[in-house]
Amino acid sequence: MFKFKRQTFLAFKVGSIRLCSLTAATAAAEPLAQPTHTLGEIISGYNSDIELTSSNTQFSHTLFLDPGFYLHKLPKSRSVNQVKEIHAQITVNGLLKNLVVTNKLLYMYTSFRAIGDAFALFSGLNERDPFSWSVMIGGFAKNGDVLDCFRTFREYIRSGDSPNNYTLPFVIRVCRDTNDLEMGKVIHHIVCKFGLQSDSFVAAALVDMYSKCKVIEDAKKLFDRMPNRDLISWTVMIGAYTECGNANEALALFEQMQAEGIVPDNVAMVNVVNACAKLGAMHKAKLAHEYILRKKFSLNVVLGTAMIDMYAKCGRLDCARDIFDSMRMKNVVTWSAMIGAYAYHGRGMEALNLFYMMLSSGIIPNSITFLSLLYACSHSGMVDDGLHLFSLMQEEYGVRPNVKHFTCVVDLYGRSGRLSEALNLIENMTIEKDEGLWGALLGACRIHGHVEIAEKAARSVLELQPENPGHYVLLSNIYARAGRWQDVAKTRELMTHQRLKKVPGSSWLEVDNMIHKFSVGDHTHPRSKEIYEKLKLLLEELELAGYVPDTNCVLHDIDEEHKRRILYTHSEKLAIAFALIATPEGAPITIMKNLRVCGDCHSFIKLISVVRKRLIIVRDANRFHHFEEGVCSCGDYW
DNA sequence: GTAGGGTTAG
């Protein structure tokens, strides 16, 4: 124990007080130069740690001269204020000139996202090494400070140092986060220039960047060329395939990874679970779950939440709820996932009840929680509840509605036939409108056959997205229903003038633990011949039961007969025909579709559910449809 | 002795 001399104490006091402001800690180094020297003299006789206590009990600090002490102590900081306190101690000890200590200090500031403090320290440094630069570049990257990150990276290169396998992944990350493929390619050139393309960290970051920028082929090429593919690069690649809609390939890759002797971890399993969710394949989901239990992965918040989503998207609300109930730690994402699951299945009341449970357990809802709730209300016809939540969200929780929230409210009004209120809401909105918003209004006009508002909605939606064939189909359906055949023809004409972006539609289902995938007019399935024969019989059977093909769902400029042929080979119908061949009589059928089920297929499936006495569940891009005894409660179609 | 790539709800 050492009692301060008065002057030393004052010097320290200056440091202690000033370290509370961002730049002051470094500024404090200057006036402290002299007194610290005194302090050094005082304690020069002690090589070991010395505790200095002031006579004023307000200040009681331990000062150490050994850099190792701070390297050990800094990571234990629990707040930025603690870092600042240690910063002051380092300062009064004159240890700021030790770059190892200073870099760690810099890192601690960035880890608390105190980027201003970090930069103040960084810019005050007389000397910087590649560690300091990479911590600073990484700090900006993790904080989303794109411009500062690039600026610092440029400065670093200008200072004469070479970019390395630490700095580059940070810069690549920024390109990924901002979806800046062009900049990503520039960085890729730099990577090659410095011969770092084989580094695991750099390569994995590049693969991730390419995949998030939707150039999966480039990502795969890079991945295939990697000499050492570790767990993380595999995980990135698995996630990339799931993201681009090829979940089957993602799961295949997971198998391949294990065959190469790589042992998955929790994060890898989250990616596997996501792939199963995308596939909606119950068998795969169960296998993944069993694997997770067998290998004793901890069901942490992230993995647990992913599993809730997986089961919900496989059509198993009960399993999703079991996982939800078994989770000890739940965050707002977990609750929102479960609320979203109910919403997705058209179970508005359950979604709402869960929301109130969430509130009583003290979780604060966010923008996405409310989006799921509004979605639940719109698909369950709970107009008043939806409108109440829409105002609650803004007034009680300060969540500013984005265009997706508005879209739900338009849907809410629209489905219940309050079309002018929906239009009014859109017209009075101050935020930017998108095609989804107008599309919701257009969809509502189809349900209620409102031509006038439909034309208004169609004009706006086609202005924003002229290349989407779905909008023309909707408008044409509305005209057709009103018997306005000239306008149907005009719509088709309008469409043929556009370059249409066709997202290939596909449907798939799981039979005997295998995924069977179909696209329109598909003949690739090994049992294709049987499927088409079955479909022919089904069509005859259904026409007797009153099915009339709705060729308005096909908008190609072709004759009626050709339209019928296209219509009857829609992927949903092929999938249904296959299911009827390959599954036991009376068993429920579950089909997945990457786009929305078309109106004709919707009526087709409704009829199948009654003439074949089957429960048919269809998951499309929007929701789950439960067809039972000729009824689907979705309210999407007439 | 100080710096690094992958994860959950829409």
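Residues numbered from 1 in each chain as written. Chains lettered and ligands numbered in written order. Predicted model: local features only at pLDDT ≥ 70, side-chain atom pairs only at ≥ 80, totals over all residues. Heavy atoms only, no water.

**Re the overall build of chain A**
Assigned secondary structure in chain A consists of 33 helices and 9 strands. Across the 638 residues that make up chain A, the buried fraction comes to 52%. In chain A, the share of contacts with a sequence separation of at least 24, taken over all contacts with a separation of at least 6, comes to 64%. Of the accessible surface of chain A, which amounts to about 30500 Å², a share of 52% is contributed by carbon and sulfur atoms. (Helix = DSSP H or I, 4+ residues; strand = E, 2+ residues; numbered from the N terminus. Buried < 20%, exposed > 50% of the residue type's maximum accessible area, 1.4 Å probe, protein only. Contact = heavy atoms within 4.5 Å. Areas by Shrake-Rupley, 256 points an atom, 1.4 Å probe, with all protein chains shown as cover.)

**Digging into the side chain of T551**
As for its placement among the helices and strands, T551 is situated in the loop between α30 (528-544) and α31 (560-568). T551 has contacts with E560, K563, R564 and L567, leaving out every residue within four places of it along the chain.

**A word on the protein's contact with DNA strand B**
In the region of DNA strand B, 48 residues are neighbours, and P67, N103, S134, R176 and D230 sit closest. Within 4 Å of the protein, the atoms of DNA strand B are drawn from sugar and phosphate moieties in a proportion of 39%. In this structure, a base nitrogen belonging to DNA strand B sits 3.3 Å away from a side-chain N or O atom of D199. Within the contact set of DNA strand B, a base nitrogen lies 3.3 Å away from a side-chain nitrogen or oxygen of S336. Tallied by class, the residues present in the surface near DNA strand B amount to 23 nonpolar, 14 polar and 11 charged. (Near = heavy atom within 4 Å. Polar contact = N/O pair within 3.5 Å; in protein donor to acceptor, adjacent residues only side chain to side chain. Nonpolar A, V, L, I, M, F, W, Y, C, P; charged D, E, K, R; others polar.)

**Overview of unusual backbone geometry**
Positive phi values are uncommon outside glycine, yet K214 reaches one of about 70°. Considering the arrangement of structural elements, one finds K214 in the loop between α12 (200-212) and α13 (216-225). With a phi close to 65°, N513 is a non-glycine residue in the positive phi region. Following the sequence through the fold, N513 ends up in the loop between β4 (506-511) and β5 (514-519).

**What about the confidence of the model for chain A?**
Predicted coordinates in areas of low pLDDT are best not read in detail. In the predicted model, chain A carries a mean pLDDT of 88, and the fraction of residues at 70 or more is 90%. The model gives residues 1-61 a pLDDT under 50, and that stretch makes 76 contacts with residues more than four places away or in other chains. (pLDDT = per-residue confidence, 0-100.)

**Comments concerning the layout of surface pockets**
For the second largest pocket, the calculated volume is near 650 Å³. Put simply, the parts of the chain that give the lining of the second largest pocket at least two residues each are α6 (99-111), α8 (130-143), α10 (167-177), α12 and α14 (231-243). (1 Å grid on protein atoms, 1.4 Å probe; cavity = no way out; pocket = protein on both sides within 12 Å on 5 of 7 lines; lining within 4 Å. Points joined across faces, edges and corners; volume = space filled by probe spheres on them.)

**Re the sheet that holds strand β8 (residues 624-628)**
Taken in spatial order, the 6 strands of this open sheet run β5-β4-β6-β7-β8-β9, and their pairing is mixed. Edge positions in the sheet fall to β5 and β9 (631-632), since each of these pairs with one other strand and no more. Summarising the sheet, strand β6 (residues 589-593) and strand β7 (residues 616-619) pair through 4 bridges and their orientation is parallel. For T590, the partnering residue across the bridge sits in β7 and is I617. Along the sheet, helix α32 (residues 571-582) contacts β4, β5, β6 and β7; its crossing angle with β4, the most-contacted strand, is approximately 15°. (Pairing = 2+ DSSP bridges. Axes fitted to C-alpha atoms, helices over the stretch in contact; angles between N-to-C directions.)

**With respect to the state of the cysteines**
Enumeration over the complete set of coordinates arrives at 0 disulfides. In this structure C213 is not part of a disulfide, and its nearest cysteine sulfur, from C175, lies 7.7 Å away. The thiol of C553 is unpaired, and the distance to the nearest cysteine sulfur, on C598, comes to 4.3 Å. (Disulfide = S-S within 2.5 Å.)

**Looking at the packing of aromatic side chains**
Under the defined criterion, the tally for this structure stands at 16 aromatic pairs. Ring geometry for Y291 and F297: centres 6.3 Å apart, planes at 25°, overall stacked. On the basis of relative accessible area, Y291 is assigned to the buried category, the value being 13%. The interplanar angle of 45° and the centroid separation of 5.7 Å between the aromatic rings of F370 and Y397 together place this pair among those described as tilted. (Phe/Tyr/Trp six-rings, centres within 6.5 Å; stacked < 30°, edge-to-face > 60°.)

**Side note on helix α33 (residues 599-611)**
The first and last C-alpha atoms of α33 sit 19 Å apart over 13 residues, in line with the 18 Å expected at 1.5 Å per residue. Looking only at α33, the buried set comprises G599, D600, C601, H602, F604, I605, L607, I608 and S609. Lining the buried residues of α33 we find α30, α31, α32, β7, β8 and β9. (Expected span 1.5 Å × (residues − 1).)

**So, the packing of helix α16 (residues 266-279) against helix α17 (residues 282-294)**
Between α16 and α17, whose axes approach to 9 Å, the crossing angle comes to 160°. Considering the angle they form, α16 stands roughly antiparallel to α17. The handedness of the crossing between α16 and α17 is left-handed. Residues M269, V272, V273 and C276 of α16 form the contact with α17, whose participating residues are K284, A285, A288, Y291 and I292. Of the residues in the contact of α16 with α17, the class split is 8 nonpolar, no polar and 1 charged. (Parallel < 35°, antiparallel > 145°, perpendicular 65-115°, else oblique. Left-handed = near helix turned anticlockwise from the far one by under 90°.)

**A short note on the packing of helix α15 (residues 247-259) against α16**
It is at 9 Å that the axes of α15 and α16 come closest, and there the two elements cross at 145°. Two packed elements cross with a definite hand, and for α15 against α16 that hand is left-handed. Residues A247, N248, A250, L251 and F254 of α15 touch α16, and the partners they reach there are M269, V272, A275, C276, K278 and L279. By residue class, the composition of the contact of α15 with α16 is 9 nonpolar, 1 polar and 1 charged.

**Observations concerning α13**
Quick reminder: α-helices carry 3.6 residues per turn. Residues three or four places apart thus point the same way. Regarding α13, the residues found buried are I216, A219, K220, L222 and F223. Buried residues of α13, seen end-on, are gathered within an arc of 165° and therefore sit on one face of the element. The exposed residues of α13 that point more than 90 degrees off its buried face are E217 and R225. Buried positions along α13 lie against α11 (181-193), α12, α14 and α15. (Arc of directions from axis to C-beta.)

**Digging into the nonpolar core**
Core analysis: the biggest nonpolar cluster contains 161 residues, and I187 and L441 have the highest contact counts within it. Broken down by element, this core gets its largest block of residues, 9 residues, from α16. Setting aside residues up to four positions removed in sequence, L441 forms contacts with V410, L419, A422, L423, I426, I453 and A457. Of all hydrophobic cores here, the second largest spans 34 residues; its members include L535, L542, Y547 and I576. (Core = buried A, V, L, I, M, F, W, Y, C linked by side-chain atoms within 4.5 Å.)

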